[in-house]
Structures are given as C-alpha cells and as structure tokens.
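This is what each chain is made of:
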Amino acid sequence: EDPSSKPVHLLHVTSGEQTTFQIIKEKSSYVMGEILQVAIQTRDYRGRPKSYGGDSFRTKVHTPEKKASTSGRVLDHGNGSYTVEFPLWWSGKVQISIVLEHSSEAIAVLRRLREVPVKRIFYAQFEDYEYGVQEDSECFSHPYPANVGKDAWCNFSDDYSGVTWWCRKPTSLPCDTFVYFGCDIAKTNSLVESLLAPEEYELFFWPNYLFALEGSTNYVNVAKNSGPHPRQKLLPQLPRCGRPLSQTAPPPISQGYYMHDVWYSSECRSKPNVYLSNFTRCLSNKMLYMYGDSTSRQYFTTLKSIFGNNMYEQFSPADERLGPRRAVDKSHNFQVYWRFHSFPAGQWTSPTTSRCTGDSTAS
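Note that this is a predicted model, so its numbers are computed, not measured.

S.K.: Help me out: how do you make sense of the packing of aromatic side chains in this one?
M.R.: Two numbers describe a pair of aromatic rings. These are the distance of the centres and the angle of the planes. Applying the stated rule across the entire model yields 20 aromatic pairs. Measuring from ring centre to ring centre gives 5.1 Å for tyrosine 201 and phenylalanine 205, while their planes differ by 50 degrees; the resulting arrangement is tilted. On the basis of an interplanar angle of 35 degrees and a centroid distance of 6.5 Å, the ring pair of phenylalanine 300 and tryptophan 338 is categorised as tilted. Separated by 38 residues along the polypeptide, phenylalanine 300 in helix 6 (residues 294-307) and tryptophan 338 in strand 22 (residues 334-340) bring together distant segments of the chain. Neither phenylalanine 300 nor tryptophan 338 differs from the other in exposure class; each is buried. Residue placement shows lysine 93 over the ring face of tyrosine 219; its charged tip is 4.3 Å from the ring centre.

Here you go:
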C-alpha cells in the first residue's frame, strides 16, 4: 500500500507511542564483536500493525560514560516490520536507542513537496538613490511562471559557473539598480504551510516526529572477547583512508564508532588521534580557500578553534555569515580564506558580497 496514494488520516499513520522494539534471540550477555539484532513492529495510532514500510528511524547503541556510540543498519521488510543490526564494538552496559524520525506518511509528503518547483520566496531590492525610488521583486532559479516572456525579467545568471538566477523586472527601475538579494523567511514558511493539509502539517511535530521508541529491553551487557579487538581483526582488510572506497564491496553494518569522543572507522584505516602538529605540517606555507554554505563556514570556524591563539582572524567589515573572512597563522605561515556562495542565500546579500564560487576560484 502506497501512503502517498490517499489523504493523510492521523489515526492511520505510524505512531511512535504504539510502535515498539525487542531484541531478537535475547541473551543475558553478549561478547564484543557480535551483531545485536533488534526487531521493530510499527503500529498506527489505533494500535494496529502497519502493513507497509517506508518509515525512517534514527538508531544507535551507546555508553554515555565511555562517550561511545555507533549507529545501526535498518532493514525494511516492506510489511511494517524492520530489523536493526548493531555491531558491538566495546564492552560494558550498552544502551539501545531507536527514534522514529519520520513516518512513511510524512516521507510521502516530503517527496511530494520536493517536486514543487518554487518553495522559497526570494527577493531582489532595486533602488535609485538619487531619486529615492525603491522596488522589491521576486526572484527564482528560472523564469517562473514559464509563460511570462523573458523580457519581463532581470537575468543575473552566471554563464561560467552555470548558476541561473532571474528576478522580475521592476516597473520603474532598470535591472542594474539592484542592491540586495535575500529570502523572505515569513513568506516562505507561509507558502510551504499552504502546500500542506492540516493533518499533514501535524506530521512534522512531536509526537509524530522524533519520538523515542520503548523496547522490551533498553540495554544489553557486553563482555570483553578473549582475542584481539574486533576492529583489529578487520584492519588488514581495510583500505587506507583518503583513497576512493570500493564500490563493489558490501557496505559495513556501521561506518565505525566513537570511543571517548574519538572516531574509529570500519570502512578504512585511519589514525584515530589527530594532533595539532598534523594540521600545521599539512598547512604550513599554504593558502587554504573555502567556498560554500553555512557548513563550510563551520569548517572555517572549527579550524580556527583548533589552532586557538596561534591563529587570528583579520578584521573585515563584511558580514561574518557571508564573508569574505580570512584567518592567519603567522608562526606557520598559512592562511585560511572563506566566503559564502552566490545567491540564493538565506540572508540578504549585496552584489559585492555575492560572487559565484566558479568565478572566485578561476581568478
């Protein structure tokens, strides 16, 4: 049964309150290196078992006092039941956490929304300072609606990078008077909400979203194994990290695990300890350029924090959310440069701060 084929009724959607999990072939104790299997049976709000799959779960086993955790692999059987497999990488009391992230009905709604071509309201602000005339107009990644002639648009596309960006032409100002681009968050939220039926809207709030499931048992006891650590047995089969991973080898149950806040990969061989000297040796006498969105900005600020007092950021009147920003380490003679990508951007940007990444790297 396809959840997208009929209207949403909240009584019929997957309920985190009614959905439970239990350990398959539960034992009093496990051994490091074993695979823990957990069964999930989904039910709707009436308590009836679901007959189809498609739900999304966040799964992990963890030991907080060891700062240890790893994710599980979810197998969807297509009939409302799921199996989750967890590798047991460490010993001790290991807690099981399974969270219903999105019901299959919510995912069907998200897929429908993904196909809507315009879901965000972007604007350009045009202004003639001499005569005090100002106009705002909507902007899109392509002329929208398509039946409006292109002469009714201002084309701010960048041929070199392939970025397409069009804004409705102001009624009384030319295209070259634009001063800002930005996103109207309030109108965007209203637009998205207008695309949802009232019951669909409820799918994206607790308890329909991010609901922690109850299990017959929420933890297992894991004993140390008699031989080498499970990862040590695995290491000879793994490629070195940094090389392309095999596309033919079956994916591991888990990509790795954290222990004492240190990541150990089960897909490739890497040194778990990252020292400041590794960074300085790599970056000495270099200029590192970073272009992108807010994620790349977090890389920039994290790298600054790693170097601490060794690195300082040069003063810039630019908006710290958009850049450009530059951090310098004089003792090792390297710099890190970051700037935001071109429009569209969530916050208002001016033509001087908005520059396509392709143009920046080419120059």
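S.K.: Explain a positive patch on the surface to me, please; I cannot follow it from the model alone.
M.R.: On the surface, Arg240, Arg269, Lys271 and Arg281 cluster together into a positively charged patch. Mapped onto the fold, arginine 281 is located in helix 5 (residues 276-283). Owing to a relative accessible area of 58%, arginine 281 belongs among the exposed residues under this scheme.

S.K.: It is not clear to me how unusual backbone geometry should be interpreted in this structure. Could you clarify?
M.R.: Peptide bonds are, in most cases, trans, and in most cases residues other than glycine have a negative phi. In this structure, the amide linkage connecting tryptophan 206 to the following residue, proline 207, adopts the cis form with an omega of 10 degrees. Unusually for a residue other than glycine, histidine 260 sits at a positive phi of about 55 degrees. Tracing the backbone shows histidine 260 in the loop between strand 17 (256-259) and strand 18 (262-265).

S.K.: Please clarify how the pattern of salt bridges should be interpreted in this entry.
M.R.: Where side chains of opposite charge bring their charged atoms close, a pairing between them can arise. All chains considered together, the criterion is met by 10 salt bridges. Across the pair arginine 168 and glutamate 138 runs a salt bridge, and its minimum N-O distance is 3.9 Å. Of this pair, arginine 168 sits in strand 12 (residues 166-168) while glutamate 138 sits in strand 10 (residues 133-140); the two residues are 30 residues apart in sequence, bridging distant segments of the chain. In this structure arginine 168 comes out as partly exposed when scored by relative accessible area, which is 29%. Using a relative accessible area of 24% as the deciding quantity, one classes glutamate 138 as partly exposed. For glutamate 313, the salt bridge identified is with arginine 325, shortest N-O distance 2.7 Å. Highlighted residues: glutamate 313 in strand 20 (residues 312-313) and arginine 325 in strand 21 (residues 325-329), separated in sequence by 12 residues. The exposure class assigned to glutamate 313 is partly exposed, which follows from its relative accessible area of 27%. Salt bridges here are not isolated pairs; linked through shared partners, they connect Lys304, Glu313 and Arg325.

Cut-offs applied
Residues numbered from 1 in each chain as written. Predicted model: local features only at pLDDT ≥ 70, side-chain atom pairs only at ≥ 80, totals over all residues. Heavy atoms only, no water. Phe/Tyr/Trp six-rings, centres within 6.5 Å; stacked < 30°, edge-to-face > 60°. Helix = DSSP H or I, 4+ residues; strand = E, 2+ residues; numbered from the N terminus. Buried < 20%, exposed > 50% of the residue type's maximum accessible area, 1.4 Å probe, protein only. Lys NZ or Arg CZ within 6 Å of the ring centre and 35° of its normal. Patch = residues over 30% accessible without salt bridge, like charges linked within 9 Å, V, L, I, M, F, W, Y side chains within 5 Å. Areas by Shrake-Rupley, 256 points an atom, 1.4 Å probe, with all protein chains shown as cover. Salt bridge = Lys/Arg side-chain N within 4 Å of Asp/Glu carboxyl O. Lys, Arg positive; Asp, Glu negative; His and termini not counted. Charge placed at Lys NZ, Arg CZ, Asp CG, Glu CD.

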